[in-house]
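Structural description and commentary
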Amino acid sequence: MNITSQKGLTVIERDALLSHLQSLLEPERFKDYGPNGLQVEGKTTIRKVVTGVTASLALIDAAVAAGADAILVHHGLFWRGQDGRVTGWMKQRLAQLIRHDINLIAYHLPLDAHPGLGNNAQWGALLGLSADETFGEQSLGFIGAAQELTRVDWLATRIQERMQRTPVLIEGDGRPLKRIAWCSGGAQSYFEAAIAAGADAFLTGEISEPQAHYARESGVAFIACGHHASERYGVQALGRHLANELGIQHQFIEIDNPA
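Note that the structure is a prediction, hence the values are computed from the model and not measured.

Now for the pairing of strand S7 (residues 103–106). Side chains Asn103 and Ile105 project from S7 onto one buried face, and the interleaved Leu104 and Ala106 project onto a second face that is buried too. By the bridge criterion, 4 bridges tie strand S6 (residues 70–75) to S7 in an arrangement that is parallel. Looking across to S7, one finds that Leu72 is bridged to Ile105. Running through helix H3 (residues 88–99), the crossover from S6 to the neighbouring parallel element S7 is right-handed.

Shown next, in the form of structure tokens:
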């Protein structure tokens, strides 16, 4: 791997960084909603990586101010079904990246699923949960023992304390919790698979209209904790990994989002 030092700072070739990320996250294993890896090409050498959840203009502006050579995000710019025109918000974001020669790198489902650095692993660790199985499409859902969180109100309190936000809670039938399932982001459609996997409670980012009824009728609690809020943790862990393993500078920048 081509890593050098300039003025006391570690510098890595962009292609070497991308190769490391590809080997670590194995994006080829996933059928995703957009391209994983390099989305916008910038400078060929990288000293500092800024991480964030979404490649918004606010994050790009903050990364420019922080002196980033690359931005690494969970939600990139390009998604299946876009019409492809570079106007409005897309033009603004691309123009800022190109003007400052900044690389934009994005990993979506591979960053949700990674067993150690991923959103689900890191979110679970924050809440004191550890998975012993996966479930659902592409095995993205995590499920494990409830540990000491055997009541749904205790689980909701833990979420509020550690995530600093009040979740949307549909309590189910109030059963003692033995198994808790979770899947970060917009995974409300995984609720039925979580029930089938034996969960007594399911945590995700968002709730849609059907989930309230499923919770009441199945008795399994459903807790929506915020899409952005539940996906803040994987990209931070990935950035710390790059700093520790490759020696490059890393800074996570939080852009507030109520979702």
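As summarised here, the arrangement of the 6 strands in space is S8-S9-S11-S12-S13-S10, forming an open sheet in which the pairing is mixed. Each of the sheet's edge strands pairs with one partner strand only, and the pair in question is strand S8 (133–135) and strand S10 (168–170). This sheet shows a mean twist of 20° between the axes of neighbouring strands, independent of strand direction. The sheet contact formed by S10 and strand S13 (residues 221–224) spans 3 bridges and is antiparallel. When the sheet's bridge partners are listed, Ile170 is paired in S13 with Phe222.

Here helix H1 (residues 14–25) spans 16 Å end to end across 12 residues, near enough to the 16 Å set by a 1.5 Å rise per residue. Listed as buried for H1 are Arg14, Ala16, Leu17, Leu18, His20, Leu21 and Leu25.

The rules behind each value
Residues numbered from 1 in each chain as written. Predicted model: local features only at pLDDT ≥ 70, side-chain atom pairs only at ≥ 80, totals over all residues. Heavy atoms only, no water. Buried < 20%, exposed > 50% of the residue type's maximum accessible area, 1.4 Å probe, protein only. Helix = DSSP H or I, 4+ residues; strand = E, 2+ residues; numbered from the N terminus. Pairing = 2+ DSSP bridges. Right-handed = clockwise from strand over helix to strand, strands pointing away. Axes fitted to C-alpha atoms, helices over the stretch in contact; angles between N-to-C directions. Expected span 1.5 Å × (residues − 1).

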